[in-house]
Structure formats: structure tokens, C-alpha cells
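Here is what each chain is made of, one letter per residue.
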Amino acid sequence: MSEARVVTEADPHFEAEVPVAIIGAGAAGLVAALACHAAGVEPLVIERDAVPRGSTSLSAGLIPAAGTRFQRERGIADDVATFAADIQKKAHGHADPALVALVSRSIAPAIEWLADAHALPFSVVHDFDYPGHSHRRMHGLPSRSGAELVDRLRQAAEQAEVPLLTEARVTTLVRDATGRIRGLVAERPDGGTERIGARAVVLACCGYAGNKALVRKYIPDLAEALYFGHPGNEGEAVLWGEQIGAALRDMTGHQGHGSVAHPQGILVSWAVIMEGGFQVNLDGARFWNESSGYSEAGVAVLRQKDGVAWDIFDARIGGIARQFEDFRNAEAQGAVLAADTIEELAARAKLPVDALRASFDAVEAQKRAGSRDAFGRDWSRGAPLAPPFCAVRVTGALFHSQGGLAIDDAARVRLAAGGIVPNLFAAGGAACGVSGPEASGYLSGNGLLTAVALGRVAGQGAARVAQAEQG
Ligand SMILES: Cc1cc2nc3c(=O)[nH]c(=O)nc-3n(C[C@H](O)[C@H](O)[C@H](O)COP(=O)(O)OP(=O)(O)OC[C@H]3O[C@@H](n4cnc5c(N)ncnc54)[C@H](O)[C@@H]3O)c2cc1C
């Protein structure tokens, strides 16, 4: 666990000076670096790991965006206003409206720029709906994996010859008496330190979900839950922010997930639910409206006996989910059970046969009637399940935090007392997201949305500051 300190020095000296320092090489940091480079300023990216991975590499790499050419090619008519309304609806109206407007209008140009300038081969997921999105607008790379996203971004940064300092964990921000950030201190694995001066700094070191103390403070319901994000999400942005008097917002907001194969620990796409599947507990009974979203599913599943549930779907849906590398891995590890009858499936999953049969029959009757069930789930669009049937045992997990540093339209860090730190930027999980203060406010893709959209805004803003300071 790093110490995360801020020191004030009247006349700081550094071993090296760079125009822009970017802390963290996940999606936010690498996009910020490419944007800064495109604006004509050479940033230095500083990453604690030997190879950049971050939570980005653990994700499905899917980024929501409205009005892209990838949507148009699929005949999907979508627009920024509808997207912004969807985000705010899911956040129960509690997300910062200016931030929602900023990210929803910035993301489509960012995705097209990454495709055009850096050859990231995006396509839109066109064969199933994500809860809460009015249109099909999740964009991903061919493998539908975040590992491919972070690898391709790193390769793009390498091709652009953006320097990346790895195995360097930033522990300390250095500011002067005016509050302006002047540089940072990074710790190397051998215990040595490097002092690096910068005219602007971008915090792209993600959120605090990997910091138990902060999770206990802000998300006590998930304090003991499986943490499924990157261990490097230790909350330095929050801890530094507290020390400089930054405004923190929506700190209880987070993304959970209720479909992590157990005990394999592999994400099972929520497509298995949205396409007509459902969840039962160990009694074989349904327990909630699964179409509310996968984030709130985390707590819903953890409240069940042994903190587990079963996803029930069929081979057709499995075929859709197979586009995700994670799902293929789950199958390879034997997490996905299949059977020709519900009775056989119950036996394989060791679920009570009669109860599973009753849950299944009730769901299928709702689909035939096109009605809404007692939990409030609308079945009017669900296709019937047909043999072979499938089941995966899943648990709930904490994926990442959504609260963080409040920022302005240029992604500059706001101060609690008013005003901004003019040369300190935040993007991705380091910044407050657009989910509001509750897990149920998380709309699919809100994580990478703020990483990519704000990464670009922050990189451009940091470049402007560096250029202005140079004179
Ligand atoms: C399992 C899982 C699935 C997900 N699926 C999706 C999805 O499909 N779509 C979506 O939108 N979102 C998804 N998310 C959320 C998404 O992954 C994150 O919101 C996003 O990756 C955050 O990007 P980031 O660049 O801010 O952080 P990260 O990708 O975590 O990158 C932060 C980087 O900073 C480095 N770092 C941290 N501290 C320091 C330090 N002090 N000094 C130097 N380096 C440091 C870390 O090592 C890391 O490389 C998922 C998350 C998880 C865990």
C-alpha cells in the first residue's frame, strides 16, 4: 500500500523535468498520453506495473458511445441527447449534469479518433441489449476484451514514441506554496525514488476499490466481497485529493457485478441474462429483477445463501456470449454446465428439481404472455429458452469505484472551497464518474466511458497548460 502524500515545497528541484506527467497507464492514462501527443506535447506516462494492465485489462473493453459511424454502419440511429438521458436515468438523476454532457458528447469522436489515428478496429455490439441503453451502443475490439484494449493503446503509444516509465509507483505529489502541482516522486522496486517535475499532471491511477480501508468507509456492503478489479486501484487520487482540499463527489458510487463464475472467478457476460436468461438462488427460486442491471446484481446475489446464485440460460444465448473471451474461458474451465432437460440441469447443478422447474416454467409463461413479473421484470422481448439448457454458478463482486475527484469541463480537479487546481487533471476511475452515489446508478460501460472520454479531454487540457507555461 503506497503512502500517497502531498508535500509543499517553496522552490522544488527535480532530477528530470517533463511537460506533462501522466500517472497510470490504463485506458485513461494511455488515451490521455495519445491526446497530449496529438496536441504536440510529449508526455511521460508513469506506471507502477512492469506491463500496463490496470482494471482496463480485466474489463470486457466495451465503451458506450452514441452517433458513431460504427453504429450507422449497422443501421443504429442514436444521438448524444438520448445517451445522456439514459446515463442520468440510470443514475436516478444524481450524476453531475455537466459531466454527463461532457462525456456523452466527447466519447464518439474519441472512439473514431482512436480508430482513425491509431487503427483500433472498433465495432459495435449489435446482437444484444445492455440494460438501460436505449440503443445498441457498446463499442469493442475484436476479442471483446479489455486486455486487447490496453495492449492496443500501449502499442499505439509506443508507435507514437510516447515514453512510458514502468515499475515506478508515484507516492507523492509536490506542490508549491500557491497550490500549483510542480511534480511528483516515484518509487522504484529497489526502494529508490525519482523526483520528476511537470508543468501539468494527469491523475489516471483509477479509483479506490483495491483499498480495503476506503471500501470499508464508502462501500461497507461490499467490504468483504470478492474484489475483481486491479490491485493497483489503491485510491491515491482520493488520498492526494483529500490532502489538497479537492472536492470529492459520489464517493459511495461503484460498480458491482452479480455474474462472476464461482469458484473459477471469471466474468460471465450479463448477455446471458438480458437475452432471456434468469438467476435462481440455491433454493432454485428467482429473487429479483435481473434486468435492473449487473452492478446492483452484486449485492443482490451476495444476499443469497452462501452468497451465490445460478445463471440459467440456453445454448443460443451461450452462442452470443461466446464472443467474449471471458465466456470462452469460463467454458474451457468447466464453469458452464449444459443439459437437455431442466431436470437434468438441476441434477448437474445440485439444485432442487421441482423449484428450478417451477422458476423456469414461470419465466417461460411470462415470456409467452409478454408480461411483467412480480419482481418488475418485463418479459415482452425475451425469446423462449430451448434445449440444451445452460447454468453457471456465480457470485457477486466489487469491480471498481465510481466516486472520485470532481472535475470541470477541461477535466481539471476542483477544490472543495471553490476554484480549481489549474494544472492537475483527473480521468477515468480517478475522477468522479457519471453513476451518482449508488451501485444501481451504474449504466453499462460508465467505467471505460469516463476513462476514454475524460482521458482525451485531460490529455488535451494538460498539453494546453504545458504549452502556455512554456510561453
Ligand atoms: C472485471 C471488470 C470488468 C469491467 N468491464 C467493463 C466494461 O466492459 N466496460 C466498461 O466501461 N467498464 C468496465 N469495467 C470498468 C473499467 O475497467 C474501469 O472503469 C476502467 O478500466 C478504468 O480505467 P482507468 O484507466 O481509470 O484505470 P486502470 O485501467 O485501473 O488503470 C490505472 C493504472 O494506474 C496504475 N497506477 C495506480 N496507481 C499508481 C501509482 N500510484 N503510480 C503509478 N501507476 C499507478 C495501475 O497500475 C493501472 O495500470 C470493468 C471493470 C472490471 C474490474
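Residues numbered from 1 in each chain as written. Predicted model: local features only at pLDDT ≥ 70, side-chain atom pairs only at ≥ 80, totals over all residues.

1. Describing the overall build of the chain
Move 1: Summing up its helical and strand segments, the chain has 15 helices and 21 strands in all.
Move 2: Referenced to the eigenvectors of the C-alpha coordinate spread, the extents of the chain come out at roughly 75 × 45 × 40 Å.
Move 3: For the chain, the residues scored as buried account for 56% of the 471 residues in total.
Move 4: Considering only contacts within the chain whose residues lie at least 6 apart along the sequence, 76% involve residues at least 24 apart. (Helix = DSSP H or I, 4+ residues; strand = E, 2+ residues; numbered from the N terminus. Buried ≥ 20, exposed ≤ 12 C-beta atoms within 10 Å, placed from the backbone. Contact = placed C-beta atoms within 7 Å.)

2. Side note on the environment of Leu-356
Move 1: Among the structural elements, Leu-356 can be located in helix α14 (residues 353–369).
Move 2: Residue classification places Leu-356 among the buried residues on the basis of 24 C-beta atoms within 10 Å.

3. As for the sheet that holds strand β4 (residues 63–64)
Move 1: Across the sheet, three strands lie side by side as β4-β6-β5; this open sheet has antiparallel pairing. Each edge of the sheet is formed by a strand with only one pairing partner; in this case those strands are β4 and β5 (123–124).
Move 2: Across two bridges, β4 lies against strand β6 (residues 138–140) in antiparallel orientation. Bridge pairing links Ile-63 to His-139 in β6. (Pairing = 2+ DSSP bridges.)

4. Focus: the domain arrangement of the chain
Move 1: Domain parsing of the chain yields domain 1 (5–253 + 402–470) and domain 2 (255–398).
Move 2: Each of domain 1 and domain 2 was reduced to a C-alpha centroid, and the two centroids are 32 Å apart.
Move 3: Residue classes in the side of domain 1 that touches domain 2 are distributed as 14 nonpolar, six polar and four charged. (Domains from an automatic or database assignment. Nonpolar A, V, L, I, M, F, W, Y, C, P; charged D, E, K, R; others polar.)

5. Some remarks on the site of the ligand
Move 1: Close to the ligand lie 45 residues; Gly-24, Gly-26, Gly-54, Gly-428 and Gly-447 are nearest.
Move 2: Taken together, the elements giving at least two residues each to the shell around the ligand come down to α1 (27–38), α2 (54–58), β8 (169–175), β18 (389–401) and α15 (446–470).
Move 3: Its residues assigned to classes, the shell around the ligand shows 20 nonpolar, 19 polar and six charged. (Near = placed C-beta within 6 Å.)

6. Considering unusual backbone geometry
Move 1: Residue Pro-263 follows His-262 across a cis peptide bond; omega there is 10 degrees.
Move 2: Turning to its location among the elements, Pro-263 is positioned in the loop between β13 (254–261) and β14 (266–267).
Move 3: At the junction of Pro-387 and Pro-388, the peptide bond is cis and its omega measures out at -5 degrees in the coordinates.
Move 4: Within the secondary structure, Pro-388 sits in the loop between α14 and β18.
Move 5: In the Ramachandran plot, Ala-119 falls in the positive-phi region, its phi being about 60 degrees despite a non-glycine side chain.
Move 6: Here Ala-119 shows up in the loop between α5 (97–118) and β5.
Move 7: With a phi angle near 50 degrees, Glu-167 is a residue other than glycine that sits in the positive phi range.
Move 8: With respect to the helices and strands, the residue Glu-167 is situated in the loop between β7 (164–165) and β8.

7. So, the nonpolar core
Within soluble globular proteins, side chains that are nonpolar tend to cluster in buried spots.
Move 1: Membership of the largest hydrophobic core comes to 156 residues, with the highest contact counts inside it found for Val-20, Val-202, Ala-426 and Ala-427.
Move 2: Top element by residues in this core is α15. It accounts for 12 residues.
Move 3: When residues of this core are assigned to domains, at least three fall in each of domain 1 (5–253 + 402–470) and domain 2 (255–398). (Core = buried A, V, L, I, M, F, W, Y, C linked by C-beta atoms within 7 Å.)

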